[in-house]
Amino acid sequence: DMVNGMSLKGSSTHDKLICKACLEGKQHHNPIPMKSNVENPCVLHQTYSNVCGPMEMTACTGHRYFVTFIDAYS
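These figures come from a predicted structure and were not determined experimentally.

Calculation notes
Residues numbered from 1 in each chain as written. Predicted model: local features only at pLDDT ≥ 70, side-chain atom pairs only at ≥ 80, totals over all residues. Heavy atoms only, no water. Helix = DSSP H or I, 4+ residues; strand = E, 2+ residues; numbered from the N terminus. Contact = heavy atoms within 4.5 Å. Buried < 20%, exposed > 50% of the residue type's maximum accessible area, 1.4 Å probe, protein only.

Residue position: asparagine 40 is located in the loop between helix 1 (20-25) and strand 1 (47-52). Leaving out residues up to four positions away in the same chain, asparagine 40 has contacts with His45, Gln46, Ala72 and Tyr73.

Structure follows, in structure tokens:
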């Protein structure tokens, strides 16, 4: 049993299978730190990218997506 000191009321035909996704969703996790403890020794050592789109409006050049690159050092 997953819970001690608690009884079910009503129908006792509930499913006794434990859903893995339900258990993982209820697990404790540490808060995300405000500052990374990873050292980036130089420019472009670690980069992050993101793709945005498709945008509703098309650019005058016909593009509907854009990409951002962020350097973790700077």
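We are not done yet, so read on.
Quick look at unusual backbone geometry now. Looking along the chain, the bond that leaves glycine 53 and enters proline 54 is cis, with omega of 0°. Mapped onto the secondary structure, proline 54 falls in the loop between strand 1 and strand 2 (66-71). The phi torsion at leucine 44 lies on the positive side, around 65°, for a residue other than glycine. Mapped onto the elements, leucine 44 comes out in the loop between helix 1 and strand 1. Leucine 44 sits in the exposed class, given a relative accessible area of 63%.

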